[in-house]
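# Per-entry structural report
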Amino acid sequence: MKNIFSGIQPSGDLTIGNYFGAIKNWIKLQSEYNCFFCIVDLHAITVRQEPKRLREKILETLAIYIASGIDPNKNTLFIQSHVPFHSELSWILNCFTYMGETSRMTQYKEKSLKSGESISVGLFTYPILMAADILLYNTDLVPVGSDQKQHLELARDLAERFNNIYSDTFKIPDPYISSTSSRIMNLQSPDKKMSKSDENENSYIKILDDENIIRKKISRSVTDSIGSINYSDDQLGIKNLINIFSSITGEDTYDIVARFKNKGYGDLKNEVSNLLIDELSTIQKRVKELMDNKDYLEKIYKDGAEKAIEASYRMLRKVKKKIGFI
Ligand code: AQP
């Protein structure tokens, strides 16, 4: 079986961007691949986190994975900081990365604009840690949203660079990016991606938002003055709603447009709200049950760490040997 690695930062409340862009694809892929699904807490501290909240969000992220349909018996579910090899390989790869490569990263550029002088070095080297995450597990495929494509290219470049210097060591991973769910957009500024750390709560929908909040946020989502429903870059807000619709039903975007011919934006918003509420309510109920059963979650992440350590220590040993460490 081929290997998959993917993860989400517990840096806030997971959004439907994380759900459609990552988790939903994982569910589809879990029966065909040997999957490592990680809660990337080391990545989360690239921006300041409140300790109590971070602890809560780490467990909640694990609960969301399981509640969404990731089978903990079939897949390895673990917390990144429980496997020290991630940080260790990350340092080694730091020494093989050029400053220009990390400076070019769009996510770094966008976030540094927000943080100014107080941006952490961790945010600058974040893609190198991500490369270490992926390369440790002989990963064939990385299911991500399109925002992460550039980071994945760096992982591929670093793997090739290392292999060229020292002979074949790392497998070269491929991205897996689905078309309609690859970039769920901000509900208030549909030219930007939806992000869990956005300051405006109305810009994103949390996986755990209740029915009323979902309806309110969708009804307030920004559209346009054109007045007819088309799948077009001139109507980014409407396009985003159609993509969300399609991510849930699997329907082609053209069929969705045809279905709403002669109907108004209110009809589309209403239907998207209904679909989202339907999709998320079972997950929300299950997350609640899991969060009340911390012993079960602890067993899953402890077993997961053991399996992840077992799967990755050989790779780090091989890397160290090739470099010349004793
Ligand atoms: N809006 C999105 N559309 C599609 N996919 C998305 N992903 C995130 N947002 C969207 C995918 O979710 C996975 C995990 O993302 P992450 O939380 O580790 O990092 P991120 O991409 O930086 O997500 P956020 O929500 O924007 O986090 P913050 O605000 O903390 O930086 C990835 O596969 C990502 O593509």
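Up top is the structure these notes are about.
The sections below set out a description of the structure shown in this document.

Check the secondary structure of the protein and you find 13 helices and five strands. Here the protein has a C-alpha radius of gyration of 20 Å; the compact-globule value for 326 residues is 20 Å, and the two agree. Seen through its C-alpha atoms, the protein measures out along the principal axes to roughly 70 × 45 × 40 Å. For the protein, the residues scored as buried account for 53% of the 326 residues in total. The long-range share in the protein, meaning contacts at least 24 apart out of those at least 6 apart in sequence, stands at 76%. The protein carries 44 positive and 43 negative side-chain charges, and their two centres are separated by 2 Å.

Among the 23 residues in the neighbourhood of the ligand, the closest are listed as Lys111, Asp147, Ser195, Lys196 and Ser197. At 3.2 Å, a side-chain N or O of Gln107 approaches an oxygen atom of the ligand. The side chain of Lys193 places a nitrogen or oxygen atom 2.8 Å from an oxygen atom of the ligand. Summarising the interface, the protein chains cover 98% of the accessible area of the ligand, which totals 640 Å² for the free molecule. The set of elements that each furnish at least two residues to the shell around the ligand consists of strand S1 (3-8), helix H1 (16-29) and helix H6 (106-115). For the shell around the ligand, the leading source of residues is H1, giving four residues. For the shell around the ligand, a count of residues per class yields five nonpolar, 13 polar and five charged.

Counting residues in each nonpolar core, the largest one holds 60 residues, and the members touching the most others are Ile16, Ile23, Tyr65, Leu268 and Leu276. Element by element, the count of residues in this core is highest for helix H12 (residues 265-291), at eleven residues. Two domains each provide a minimum of three residues to this core, namely domain 1 (3-177 + 294-323) and domain 2 (201-288). If sequence neighbours within four positions are ignored, Ile23 has contacts with Ile8, Leu14, Asn18, Ile64, Tyr65, Ser68, Ile70 and Ile207. Judged by nonpolar contacts, the second largest core, of 38 residues, contains Tyr137, Val142, Val144 and Leu152.

Our focus in this paragraph is the packing of helix H3 (residues 51-68) against helix H13 (residues 294-323). H13 packs onto H3 with a crossing angle of 85° between their chain directions and a minimal axis gap of 11 Å. Taken together, the axes of H3 and H13 are roughly perpendicular relative to one another. Where H3 approaches H13, its residues Leu59, Leu62, Ala63 and Ile66 are matched on the opposing element by Lys294, Tyr296, Leu297, Ile300 and Tyr301. Grouping the constituent residues of the contact of H3 with H13 by class yields eight nonpolar, no polar and one charged.

Aromatic ring pairs: the centre-centre distance and the angle between the two ring planes describe each pair. The full count for this structure, using the stated rule, is 13 aromatic pairs. Ring geometry for Phe78 and Tyr137: centres 5.8 Å apart, planes at 50°, overall tilted. On the criterion of sequence distance, the pair formed by Phe78 in strand S3 (residues 76-79) and Tyr137 in the loop between helix H7 (121-135) and strand S4 (141-143) is long-range, its members being 59 residues apart. Judged on exposure class, the residue Phe78 and its partner Tyr137 are both buried. An aromatic cluster of at least three residues, connected via ring pairs, comprises Phe5, Phe36, Phe78 and Tyr137. Lying across the ring of Tyr231, Lys239 places its NZ or CZ 5.2 Å from the centre. Between the NZ or CZ atom of Lys263 and the centre of the ring of Phe260, over which it lies, the distance is 5.8 Å.

We now examine H3. Spanning 18 residues, H3 covers 26 Å between terminal C-alpha atoms, matching the ideal 26 Å at 1.5 Å per step. Two residues or fewer past H3, Gly69 is found with a positive phi of approximately 120°.

For the coordinates displayed, the defined rule picks out 20 salt bridges. Between Glu60 and Lys57 there is a salt bridge, with its nearest N and O atoms 3.1 Å apart. Placement of the pair is Glu60 and Lys57 together in helix H3, with a separation of three residues, close to one helical turn. Each member of the pair Glu60 and Lys57 is classed as buried. The shortest N-O distance in the salt bridge between Asp209 and Lys217 comes to 2.7 Å. Judged by relative accessible area, which is 3%, Lys217 ranks as buried. The network of salt bridges with common partners includes Asp13, Arg53, Lys57, Glu60, Glu201 and Lys206.

About the criteria used
Residues numbered from 1 in each chain as written. Predicted model: local features only at pLDDT ≥ 70, side-chain atom pairs only at ≥ 80, totals over all residues. Heavy atoms only, no water. Helix = DSSP H or I, 4+ residues; strand = E, 2+ residues; numbered from the N terminus. Rg over C-alpha atoms; globule rule 2.2 N^0.38 Å. Buried < 20%, exposed > 50% of the residue type's maximum accessible area, 1.4 Å probe, protein only. Contact = heavy atoms within 4.5 Å. Lys, Arg positive; Asp, Glu negative; His and termini not counted. Charge placed at Lys NZ, Arg CZ, Asp CG, Glu CD. Near = heavy atom within 4 Å. Polar contact = N/O pair within 3.5 Å; in protein donor to acceptor, adjacent residues only side chain to side chain. Areas by Shrake-Rupley, 256 points an atom, 1.4 Å probe, with all protein chains shown as cover. Nonpolar A, V, L, I, M, F, W, Y, C, P; charged D, E, K, R; others polar. Core = buried A, V, L, I, M, F, W, Y, C linked by side-chain atoms within 4.5 Å. Domains from an automatic or database assignment. Axes fitted to C-alpha atoms, helices over the stretch in contact; angles between N-to-C directions. Parallel < 35°, antiparallel > 145°, perpendicular 65-115°, else oblique. Phe/Tyr/Trp six-rings, centres within 6.5 Å; stacked < 30°, edge-to-face > 60°. Lys NZ or Arg CZ within 6 Å of the ring centre and 35° of its normal. Expected span 1.5 Å × (residues − 1). Salt bridge = Lys/Arg side-chain N within 4 Å of Asp/Glu carboxyl O.

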